[in-house]
Amino acid sequence: MKRLILWQFALSSVVLATGCHLTKPENDTSLTQAQVATAPLAAKVPHITKIHGYEIVDNYHWLRDDTRSKPEVIAHLEKENAYTNSVLASTDTLQSQLFTEIKSRIVKDNRSVPVRQGQFYYFNETVGEQEYASIYRSVNVKGDNPELLLDINELAKAYDYFAIGGIEVSPNAKLMAYSQDTLSRRIYTVKVKNLETGELLSDELTGTQGGVIWANDNKTLYYVKKDPVSLLGTQVFRHTLGTSQEQDELVYEELDNTYYTGVSKSKDGEQIFIHHSSTESKGVSVLSANDSKSQPKRLIPREKGHEYSIAKLNDWYYIMTNLDAVNFKLMKVKVDQASDKNNWTTVIAHRPNVKLEDFNLFENHLVYQSRAQGQSKVTIRELHKNKEHELTFNDPAYQVYMTSNTMLDSDSVRVVYTSMTTPQTTFEVDLNDYSKATLKQEKVLGDFKPDDYQSERIFITARDGEQVPVSIVYKKSLFKKDGTNPLLQYGYGSYGYTVDPRFSVSRLSLLDRGFVYAIAHIRGSQMLGRPWYEDGKKLTKKNTFNDFVDVTKALVAQGYGDKQRVYAQGGSAGGLLMGAVINQASELYHGVHAAVPFVDVINTMLDETLPLTTNEYDEWGNPNDKTYFDYMRSYSPYDQVTAKSYPNLLVTTGLHDSQVQYFEPAKWVAKLRELKTDDNKLLFKVDMEAGHGGASGRFKRIKDTALNYAFFIELANGRL
């Protein structure tokens, strides 16, 4: 998994950011009041790296502790937490108010839309004050007389952190495999439950990536095991129930450390797919789900720069590929002829200005998702008539995608729709007459009215002439476009991941206080197709940062925000964006929140023992090559900290983060404290329990959101 984390979902849920829920400093008897009130200064211990004729001096390398147990490191992080809690003590009342406010909008008793798999319909449900959902199934889509399969609240009781990685029911529906992580390192243990007796089997698979796939004999499991050092999934094992994990058969091992490995099953249940994914190349190996001795076979040889994915319908593979098609096209081929690309025939031709994003197969229909001018569309095609129908929606900017379409024989496609003013809505669209039934719209309790808010979609001209899409939302009664509103601008811009405009219950607390919220769809995403991504990676990465800065300037110039009260927020690779932006144009921002920020680009990308490093040379470049080294160093936030004024900063991380190690932001904050010339706030919050995705549990996460919002609100009101 790349540096995407739960920030992918930051725009629609209460999972807006990471933070922590540690003991307040006044209860920490190990720290004096003077220590709490004083920003901790880290000791400088030079660590020298020699490369390309340079000597890189890292004075804060000592803050790296892979064991997360060294007393001097833990003590420093606890001092940072104590200092942050002390400075933010004046916001405690507001944090409590925000927590109550956001929580009050959330429906406590909430059931997901049931999804058909075989003879049952599966769904999850949370009740009352529960932090986690429970998993149920029923014999009908209404969820009548549900059978409890897994009570996650009960499982989580013994842990400070708990997350389910995957749940998979056996083909005969009698067994359920699920995986759990109790440390937030994304290392999962797979357990198997007998659904007829309720008992756990003795089988326990440790060190896994989380996902698990059943073979059709109902006794064979496939899973990916992680390398204990790099935390990359590199080996696919086959496990037979009733045997020890040591006896599991290795069916595939990835020897190229630039590839991720995953497993899935074809929609007809006949084949198991092993996915090979690097930043710029993707492929699939196939084995039979009916033969427990089957060995994987590559569909076609892997090629640098070739990305493809497959789906199976009867005797045909449908292949979404970028072969001679930068924005992808859809091909099909007979299963037994797939290895020769000359046999592939076109289903959806390549379109230079339209990116093909996803597709779903049904017995007589193809449903595909494409993106033009930054907006996704869903189209239904009759396979045997080539008749098409495009679904339409009314909002100026929105997100739409297909989900939970698990059965080939379904006569409808399930689609999720949301916008910045429309709560998430699940539709079922008839594949024959295109009628649309609303299965569920997420409820917002209280006095929320969609018409009270306005969303916009505009384009900003960047410094090099490119047009950058921006999604904006505000409360109509509090916005006059006269440059008096506080503005919070969010951005990501890496890995080709596109942050679509979607609804957020928690964001209402900002909008109701007069904030304008904007998403800058900067280069490095695929908002405007694959070229938009290519123009924001490796040796063009600075376009990502320039776009964000240029959007800020334009939004202020056009009256969307008060130039004295502009704020910015980004997490993970978006935290890199925050670091680069404040080095380039710190004067534009009054406050910035950088969550789990990837800021030490050079040192991280030089260390092949760290998770993600080798997999991401195609994203950032390999610094062992001087060309990439020089370019990366020219923007790396940690390397580019200088003696200058910086905005008020809130930096959050998790001690157990496996994606961006905690010591990156720890070192960055230490260097900023050493060199910055201003008196602005520099706050570092370390969740000593959580990892890359922050706290677990739906209400615990609201506390993190409340802290982050309080930081912005109090700055905007001049109270911090």
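The paragraphs below set out a description of the structure included in this document.

**A short note on the pattern of salt bridges**
- The final tally for this structure, using the stated rule, is 43 salt bridges.
- A salt bridge links Lys626 to Asp630; its shortest N-O distance comes to 2.6 Å. One end of the pair is Lys626 and the other is Asp630, both in helix α11 (residues 626-635) and 4 residues apart, which spans about a single turn.
- Classification of Lys626 as partly exposed rests on a relative accessible area of 38%.
- Look at Asp630 and you get partly exposed, because its relative accessible area is 29%.
- With a shortest N-O distance of 2.8 Å, Asp678 and Lys676 are connected by a salt bridge. As far as the burial class goes, Asp678 and Lys676 line up, both buried.

**Examining the environment of Gln640**
- Relative to the elements of secondary structure, Gln640 occurs in the loop between α11 and β37 (648-654).
- For the pair formed by Gln640 and Tyr318, sequence separation is 322 residues and the distance between their alpha carbons is 47 Å.
- In contact with Gln640, other than residues within four places in its own chain, are Asn583, Arg633, Ser634, Tyr635 and Tyr646.

**Remarks on the nonpolar core**
- Formed by 115 residues in total, the largest nonpolar core has its most connected members in Leu77, Ile472, Phe548, Leu555, Tyr589, Trp620 and Trp668.
- For Ile472, the contacting residues outside a window of four places in its chain are Met420, Gln454, Ser455, Glu456, Ile458, Val516, Tyr517, Ala518, Leu555 and Tyr560.
- By size, the runner-up hydrophobic cluster in this structure holds 16 residues, among which are Val400, Met402, Val415 and Val429.

**Things to note about the packing of aromatic side chains**
- Counting across every chain of the model gives 24 aromatic pairs.
- Each ring, one from Tyr132 and one from Phe162, has its centre 6.4 Å from the other, and the planes form 85 degrees; the classification is edge-to-face. Placement of the pair is Tyr132 in the loop between β5 (120-126) and β6 (134-138) and Phe162 in the loop between α4 (152-156) and β8 (163-169), with a sequence separation of 30 residues. One exposure class covers both Tyr132 and Phe162, and it is buried.
- Cluster of aromatic residues (ring-pair linked, three or more members): Phe393, Tyr398, Tyr417 and Phe427.
- Taking the ring centre of Phe120 as reference, the NZ or CZ of Arg137 above it sits at 4.0 Å.
- Positioned over the ring face of Trp532 is Arg523, at 5.5 Å from the centre of the ring.

Rules behind the numbers
Residues numbered from 1 in each chain as written. Predicted model: local features only at pLDDT ≥ 70, side-chain atom pairs only at ≥ 80, totals over all residues. Heavy atoms only, no water. Salt bridge = Lys/Arg side-chain N within 4 Å of Asp/Glu carboxyl O. Helix = DSSP H or I, 4+ residues; strand = E, 2+ residues; numbered from the N terminus. Buried < 20%, exposed > 50% of the residue type's maximum accessible area, 1.4 Å probe, protein only. Contact = heavy atoms within 4.5 Å. Core = buried A, V, L, I, M, F, W, Y, C linked by side-chain atoms within 4.5 Å. Phe/Tyr/Trp six-rings, centres within 6.5 Å; stacked < 30°, edge-to-face > 60°. Lys NZ or Arg CZ within 6 Å of the ring centre and 35° of its normal.

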